[in-house]
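# Observations on the three-dimensional arrangement
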Amino acid sequence: MVNEKHKSSSKGGYAYALHFLFFLIGFSLAILASSYFKTFPSFINFDSTLSLSFSPPPPISLMHNMTDEELFVRAITLSNNSSEFDQDEENNNNKVRKIAFMFLTYGSLPLAALWEKYFEGHQGLYSIYVHPHPSYNDSWDPSSVFFRRRIPSQAVSWGTDSMMAAEKRLLANALLDISNQRFILLSESCIPLINFKTTYDYLLNSNLSFVESYDNPKKPGRGRYNPEMSPYINITHWRKGSQWFEATRDLAIKIISDHKYYKLFQDYCLPPCYFDEHYVPTLLNILYPELSSNRTITYVDWSRGGPHPAKFGSDQITDEFLNGIRYGNECVYNGNTTKICYMFARKFKPDALEPLLRIAPLLLGFDP
């Protein structure tokens, strides 16, 4: 009996010693871990339950030192060498495809708050590129979707080839991201008319680009044609259309790759011939007519006449007015007739922002 008690006592001692040893090891590890976490990278946050939350890194700046020609060559080479979205159609559905929103602006984006609501909750499905005047000093908050989305820019003069050069610059910068599959040109006076999800599906599922291209026999159309462009561009080739186009990746590459017709326009399309209203529509008509739907998805009101379209201020922003633009027309989409023809609209004044934000949650499906 004494031996049994002695064995039991010995076992208890060993167990106590082991427990104490484990306690010391655990306590030491806890001190080391506490010291380590205090110096852990700031992008990992620890709450009281020790759960981890990862904040995405800030966007990389789009600024670079390439000339336009170097930029175009890089964009074309990258696109030609990349088969990620071209060859393996079966696996394409598993890859994220993005829309590139390209803002050609004079300076600020007075309607930015509306666009912030439009993009909210759709990170990873879009890219933003802003081409302002090079002298403009922007100061976006790091939380903004426009933070670090400025590209290297040059001065733009209305009605000159500098306008088209800026558009090509936007396209080329956006082409550097191979996940960008659709490219929409917008201005600082543009607004979204349809919620992001519907717009995304509409564009990514379309068989064609949306570039307006038509024959206008009057002075603002054929009257701007210069016979010096012949024989490469003759009067039967000449087309007019909205500057605000939407293009597939394939068409975007073709636009920045063209030198032959671009040079003819630089030499012979001078005011009152406006480069941005004729170059892309004419280029498509000559080389790629099958790639476009021959309509724009950006609404503009030319009914008042003059060299510039109508502007819309706060007094005109109502449900009825916006719904008239959204559903008041008919067009063809993938071979079928639809009333959803415009995804965007212009020109909206800065004072239109407040009423737009007020009715946007209900009308456009944004969160209140």
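The rules behind each value
Residues numbered from 1 in each chain as written. Predicted model: local features only at pLDDT ≥ 70, side-chain atom pairs only at ≥ 80, totals over all residues. Heavy atoms only, no water. 1 Å grid on protein atoms, 1.4 Å probe; cavity = no way out; pocket = protein on both sides within 12 Å on 5 of 7 lines; lining within 4 Å. Points joined across faces, edges and corners; volume = space filled by probe spheres on them. Helix = DSSP H or I, 4+ residues; strand = E, 2+ residues; numbered from the N terminus. Nonpolar A, V, L, I, M, F, W, Y, C, P; charged D, E, K, R; others polar. Pairing = 2+ DSSP bridges. Buried < 20%, exposed > 50% of the residue type's maximum accessible area, 1.4 Å probe, protein only. Contact = heavy atoms within 4.5 Å. Phe/Tyr/Trp six-rings, centres within 6.5 Å; stacked < 30°, edge-to-face > 60°. Lys NZ or Arg CZ within 6 Å of the ring centre and 35° of its normal. Axes fitted to C-alpha atoms, helices over the stretch in contact; angles between N-to-C directions. Arc of directions from axis to C-beta.

With that out of the way, let us pick up the layout of surface pockets. Estimates place the volume of the largest pocket at around 1000 Å³. Lining the largest pocket we find 48 residues, and of these Gln243, Trp244, Trp302, Pro309 and Arg346 sit closest to its centre. Contributions of two or more residues to the lining of the largest pocket are made by α9 (275–287) and β8 (298–299). Classifying every residue of the lining of the largest pocket gives 22 nonpolar, 14 polar and twelve charged.

Now for the sheet that holds strand β6 (residues 191–192). Here we have three strands laid out as an open sheet, ordered β6-β11-β8, and mixed in their pairing. Of all the strands in the sheet, the pair left with one neighbour each is β6 and β8. Pairing of β8 with strand β11 (residues 344–345), which is carried by two bridges, proceeds in the parallel orientation. Across the sheet, the residue bridging to tyrosine 299 is alanine 345, located in β11.

It is worth spelling out the environment of isoleucine 256 at this point. Its location among the elements puts isoleucine 256 in helix α7 (residues 249–257). Take isoleucine 256: its relative accessible area is 1%, and that puts it in the buried class. Linking isoleucine 256 and arginine 169, residues 87 residues apart in sequence, is a C-alpha distance of 8.4 Å. Contacts of isoleucine 256, omitting those with residues within four sequence positions, involve Phe72, Ala75, Ile76, Lys168, Leu171, Ala172 and Leu175.

Turning next to the packing of aromatic side chains. Each aromatic ring pair is described using two quantities: the centre-to-centre distance and the angle formed by the ring planes. Under the definition given, this model contains 31 aromatic pairs. Each member of the aromatic cluster is reached from another via a ring pair, and the members are Phe101, Phe103, Trp115, Tyr118, Phe119, Tyr126, Trp140, Phe146, Phe196, Tyr200 and Phe344. Residue placement shows lysine 168 over the ring face of tyrosine 262; its charged tip is 3.9 Å from the ring centre.

Before going further, it helps to examine the sheet that holds strand β5 (residues 180–187). Taken together, four strands build an open sheet; the order of strands is β4-β3-β5-β7 and the sheet is mixed. With one partner strand each, in any of the chains shown, β4 (126–131) and β7 (246–248) form the two edges of the open sheet. Neighbour-to-neighbour, the strand axes of this sheet turn through a mean angle of 20°, independent of strand direction. Bridging between β5 and β7 involves three bridges; their strand directions are antiparallel. Each bridged residue has a counterpart across the sheet, and for isoleucine 184 the counterpart in β7 is glutamate 246. Its contacts with the sheet place helix α6 (residues 196–204) against β3 (98–104), β4, β5 and β7, and it is angled at close to 105° to β3. Contacts between α7 and the sheet are confined to β5 and β7, with β7 contributing the most and set at about 100° to the helix.

It is worth spelling out helix α11 (residues 353–363) at this point. Of the residues making up α11, those classed as buried are Leu353, Pro355, Leu356, Ile359, Ala360 and Leu363. The buried residues of α11 occupy an angular sector of 140° when the element is viewed end-on, so they sit on one face. Along α11, exposed side chains directed more than 90 degrees from the buried face belong to Arg358 and Leu362. Contacts from the buried residues of α11 go to α4 (112–119), β6 and α10 (319–327). After α11 finishes, the residue glycine 365 shows a positive phi value of roughly 80°.

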